[in-house]
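Breakdown of the fold
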Amino acid sequence: MKRILCLFLSAVIMLSVVSITSVSASTSPKVVNNVISTTYGDKVYYLDTTNDTICKMNKNGKAVNKIVAGDYSTTDFSIYKGRIFFNKENTAQSVNLKGTDLRTYNLTEGSEFLCIYDNCMYYYSGQYIKKKDLTTDLTTYVYNCYDEYLRISSDGKYLFIDESDKNYIGLKIFNLKTGRVTNIISKYVDNDYYCYYSVPKYVIKGNTLYFTVGYIEGSGHFYNGDFYKVGLNGKGLKRVVHGCGRDFYIKGNTVYLSSGYDGYSLNFGCIKCSTSGKIIKKYKYTVTGVSKGKVFFKKFKSNNLYYGKNLGSKKVLIKGRKDTKRYTNFYKDISVQGKYVLLSYGVNTYPDAIINMEMLSKTYTFIKKKI
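What comes next concerns the included structure. (Residues numbered from 1 in each chain as written. Predicted model: local features only at pLDDT ≥ 70, side-chain atom pairs only at ≥ 80, totals over all residues. Heavy atoms only, no water.)

**What about the pairing of strand 4 (residues 53–58)?**
- Most of strand 4 sits out of view: 5 of its 6 residues are buried.
- Hairpin connection from strand 3 (residues 43–48) to strand 4: 4 residues lie between these consecutive antiparallel strands, with Asp52 at a positive phi of about 50°.
- Remark: 6 residues form the turn of the hairpin made by strand 4 and strand 5 (residues 65–68), two consecutive strands paired antiparallel; Gly61 in that turn has positive phi of roughly 85°. (Buried < 20%, exposed > 50% of the residue type's maximum accessible area, 1.4 Å probe, protein only. Helix = DSSP H or I, 4+ residues; strand = E, 2+ residues; numbered from the N terminus. Pairing = 2+ DSSP bridges.)

Quick look at the structure:
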């Protein structure tokens, strides 16, 4: 009986150790790539997009500390082995989690840090994608893009290579694990206007890549685009929606797609459709973010920021300016960490409503709100 009891207690202890280890591993991932906010260890790290400052705070939203000061433009950051990697003035740099021990990496001038994968730093230099081994410092050429003016970004698993220009739409993805490059779309277009195509946004869901492609027309207020889906193997390319804006968000099997007017962060609604391409309904709402199962949106005649499980929610996160003919509130870079929403909030002022779109003033504020 004692022997059985001892075996039982040993099994319980072993299960407890496994549970503790797995929890510890999940709270401190080895690498987090290209995020504007993340939980790493027992802290929340996030990008204050108003001041271009990387900060950290406790999970309860308190004890905010600056890790990397501003005075430069950045869109995201990565964390690898307890170090934060970022671009500063086209230079790849990193600091430890306390914000000290600054390291500047000896890359070709004008290089752009992309991501960390398999102990290597991937970056774009001239027309080449390269990787630097962070242990040996050895640099290797990965891919020749044949052009110096591409737009390249990463989600930590893939590199997205946007080759689009005035008369061509081109998008390739580079699989960081296999080193394989897959052609997603390659299309020549007739374009008599002085405007250039681009692929401004892409999202991977399962084995499918969703993306928008189009161009800015007029004086920069109107975006003429299309919404596509395609397999990660490059097969099954389908134009889901013709005539849309550049931005979209996916929640489950639902897509909230900008309806096309994007002037100064003010757009005239969204198209709600399924990931299969079926259009469900058009709204005079601006969806500004989807995070942790919550949709954030602004109604056409209101500057309030609402949030909830869907567009039927009446929960107000921020009350905006009431005079929508002269002011419009906009919200961007929304992410949820625990019980807090992190976002950048701004007010645009117009001299005579929509007729004259010249912006007189612009005010940005980065805030965190408890929900």
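**Observations concerning the sheet that holds strand 22 (residues 248–251)**
- Strand order across the open sheet formed by 4 strands is 22-23-24-25, with antiparallel pairing between neighbours. The open sheet has two edge strands, strand 22 and strand 25 (279–283), and neither has a second partner. Direction aside, the axes of adjacent strands within the sheet are offset by 20° on average.
- Across 4 bridges, the pairing between strand 24 (residues 270–274) and strand 25 is antiparallel. Residue Cys270 lies in a different strand from strand 25, and its bridge partner there is Tyr283. (Axes fitted to C-alpha atoms, helices over the stretch in contact; angles between N-to-C directions.)

**A few points about unusual backbone geometry**
- If you check the backbone angles, Asn119 has positive phi at about 65° while not being a glycine.
- In this fold, Asn119 is placed in the loop between strand 10 (112–117) and strand 11 (120–125).
- In this model, Lys292 sits at a positive phi of 50°, which is unusual for a non-glycine residue.
- Looking at the element boundaries, Lys292 is found in the loop between strand 26 (285–291) and strand 27 (294–299).

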